[in-house]
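Topology and contacts: notes
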Amino acid sequence: MALREIRTMGDPILEKKSKPVKEITERIRELIADMTDTLMDAEGVGLAAVQVGVLKRIIIVDTCEEGSDPIVMINPVIKETSGEQEGYEGCLSVPGKTGMVTRPDHVVVEFLNEDMEPVTMEGDGLFARCVCHECDHLEGELYVDKVEGELKDVEKEADGD
Ligand code: NI
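Everything in this summary refers to the structure shown in the same document. (Residues numbered from 1 in each chain as written. Predicted model: local features only at pLDDT ≥ 70, side-chain atom pairs only at ≥ 80, totals over all residues. Heavy atoms only, no water.)

So, the sheet that holds strand β7 (residues 118-124)
- In spatial order, the strands read β1-β2-β3-β6-β7; together these five strands make up an open sheet with antiparallel pairing. Either end of the sheet is taken by a strand with one partner, and the two such strands are β1 (46-48) and β7. Adjacent strand axes in the sheet meet at a mean angle of 35 degrees when their direction is disregarded.
- Relative to strand β3 (residues 71-82), strand β2 (residues 58-61) is paired through four bridges, and the arrangement is antiparallel. Among the inter-strand pairings, V61 is bridged to a residue of β3, identified as I71. (Pairing = 2+ DSSP bridges. Helix = DSSP H or I, 4+ residues; strand = E, 2+ residues; numbered from the N terminus. Axes fitted to C-alpha atoms, helices over the stretch in contact; angles between N-to-C directions.)

So, in structure tokens, the structure goes:
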């Protein structure tokens, strides 16, 4: 198990755009394994590679559905969105904070899996919110800029993603 340091708001790398992954190398496999460990350890819902300091278009989404493994998405692209949901959001790069963000309630996302095979997935609710949040990271955007009202302090149960 290898944990990587999670970069936090104020670190300029979080404002940079990530680059597409062209091939799966040993380094990329190691990065994905470390991202998974780091996400599990931090008990987050999602993580983008930029959050551990690597500007590659890789995200992991773990919406904690019973028995489901975290989903690794390489070069994800949101193809469709619909509906709207309001809810509190957090981010492992913005520890201890939460804020209200409106997101689509349904997304269709295309990505490559770890074998570089194309996959299309769709989902609602937390899945949709998480995919949008993580894809924003790949553009150098943090949810704090989308918060309606104030960014609030949270105590223990902050579910960061
Ligand atoms: Ni985040």
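A short note on the sheet that holds strand β5 (residues 97-103)
- Read across the open sheet, the three strands follow the order β4-β5-β8; overall the sheet is antiparallel. The open sheet is flanked by β4 (85-89) and β8 (148-153), the only strands paired with a single partner. Sheet twist, expressed as the average angle between the axes of neighbouring strands with direction ignored, equals 25 degrees.
- The sheet contact formed by β5 and β8 spans three bridges and is antiparallel. Looking at the pairing, K97 lines up with D153 of β8.
- Packed on one face of the sheet, helix α2 (residues 125-138) meets β4 and β5 and runs near 65 degrees to β4. (Contact = heavy atoms within 4.5 Å.)

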